[in-house]
Amino acid sequence: MKVIDMWAPIVPSHEIIDDLRGGFPAEQLQYLEVFTKTSVSADQFSSYAESRRLDDDQILAALDDAGITQCLITGFDERSTCGVTFVHNESVAALADRYPDRFIPFAGAGPKTAVYVCGPTPMLEAVRVARDEYAGAPLHYERFSPPPVVDGIPFELELARSQRVLSVPANRSALDVMLDRDPTTAYSCQQGFCGTCKVKVLAGQVDHRGRTTVDDDEMLVCVSRAKGDRVVIDA
Ligand code: FES
């Protein structure tokens, strides 16, 4: 048996596509890109979503071709990080009701279901807590991991509030170095798309390398670097 975790917005059933066309938040487009590998603007989203629409038979055939026997559907009927609910419970339930052996809304994963989940740390933690009552069932994690630093040049990272200067070597991210000093430093995806690690820049130029949009005076410390010798951040 091969079971995969599917984020609800990438399940192309009629009901879910209708939900997405009704209001997919622009803030989530770059996160979606992680799954679809396609860059879509907010203006293009409705027609893009329509182009992904599949009949049930087509969805089942695609899963069969990939040897996937069951899908655990997550990330629906809840407020996203930008405060919008864009895939509703009823839409996921409709598909699961038609094919209960193939689609399991996450809340429906039973006491013996083995769960495989990949994603940012807060999502993994939410799944772990949700599965606590079935502690005997297998739960397998895979965390997002940071990409290797490409063309890195060493620089100094000055933390204005804590009055520290950290040396960021060519092959490490600023976030890595900050975590050495303070393991509670906020982060999630480590790939420049979730925005969790964003900090205010007080001085210095930033080589922005993230996939989510930030202002000139902000920096995603998981991927972005200084353009010069030093950047000063509000941390
Ligand atoms: S941790 Fe997600 S953008 Fe930096």
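Just so we're clear, the structure is a prediction, and the values are computed from it rather than from any experiment. (Residues numbered from 1 in each chain as written. Predicted model: local features only at pLDDT ≥ 70, side-chain atom pairs only at ≥ 80, totals over all residues. Heavy atoms only, no water.)

Digging into the domain arrangement of the protein chain
Piece 1. Along its sequence, the protein chain is organised into domain 1 (3-105) and domain 2 (155-233).
Piece 2. Each of domain 1 and domain 2 has a C-alpha centre, and these two points are 33 Å apart. (Domains from an automatic or database assignment.)

Observations regarding unusual backbone geometry
Piece 1. The backbone phi angle of D151 is positive, close to 55 degrees, even though this residue is not glycine.
Piece 2. With respect to the element layout, D151 can be found in the loop between strand 5 (139-143) and strand 6 (155-159).
Piece 3. Phi is positive for Q163, which is not a glycine, with a value near 55 degrees.
Piece 4. Residue placement: Q163 occurs in the loop between strand 6 and strand 7 (164-168).
Piece 5. With a relative accessible area of 71%, Q163 lands in the exposed category. (Helix = DSSP H or I, 4+ residues; strand = E, 2+ residues; numbered from the N terminus. Buried < 20%, exposed > 50% of the residue type's maximum accessible area, 1.4 Å probe, protein only.)

Observations concerning the packing of helix 1 (residues 14-23) against helix 5 (residues 89-98)
Piece 1. Following both chains from N to C, one finds helix 1 and helix 5 inclined at 170 degrees, their axes separated by 8 Å at the closest point. Taken together, the axis directions place helix 1 and helix 5 in an arrangement best described as roughly antiparallel. Note on element contacts: helix 5 touches helix 1 through S91, V92, A94 and R98, opposite E15, I16 and D19.
Piece 2. Its residues assigned to classes, the contact of helix 1 with helix 5 comprises three nonpolar, one polar and three charged. (Axes fitted to C-alpha atoms, helices over the stretch in contact; angles between N-to-C directions. Parallel < 35°, antiparallel > 145°, perpendicular 65-115°, else oblique. Contact = heavy atoms within 4.5 Å. Nonpolar A, V, L, I, M, F, W, Y, C, P; charged D, E, K, R; others polar.)

Topic: the pattern of salt bridges
Piece 1. The full count for this structure, using the stated rule, is 14 salt bridges.
Piece 2. The salt bridge involving R230 is made with E156; its shortest N-O contact spans 2.7 Å. Within this pair, whereas R230 is found in strand 12 (residues 230-233), its partner E156 is found in strand 6, the two being separated by 74 residues in sequence.
Piece 3. On the basis of relative accessibility, which here comes to 32%, the residue R230 falls in the partly exposed class.
Piece 4. You can call E156 partly exposed: its relative accessible area is 31%.
Piece 5. For D207, the salt bridge identified is with R209, shortest N-O distance 2.9 Å. (Salt bridge = Lys/Arg side-chain N within 4 Å of Asp/Glu carboxyl O.)

Here's the deal with the environment of H208
Piece 1. Along the chain, H208 falls in the loop between strand 9 (206-207) and strand 10 (218-220).
Piece 2. When neighbours within four sequence positions are excluded, H208 is seen to be in contact with V214, D215, D216, E218 and S224.

Section: the environment of E158
Piece 1. Along the chain, E158 falls in strand 6.
Piece 2. When its relative accessible area of 23% is taken as the criterion, E158 is described as partly exposed.
Piece 3. Residues E158 and L202 lie 44 residues apart in sequence; the distance between their C-alpha atoms is 9.6 Å.
Piece 4. In this structure E158 touches R164, V165, R230, V231, V232 and I233, once residues within four positions along its chain are discounted.

Some remarks on helix 3 (residues 45-52)
Piece 1. Turning to helix 3, its buried residues are F45, Y48 and A49. One side of helix 3 holds all its buried residues, which, seen down the axis, span an arc of 100 degrees.
Piece 2. Each element contacted by the buried residues of helix 3 is listed here: helix 1 and helix 2 (29-36). (Arc of directions from axis to C-beta.)

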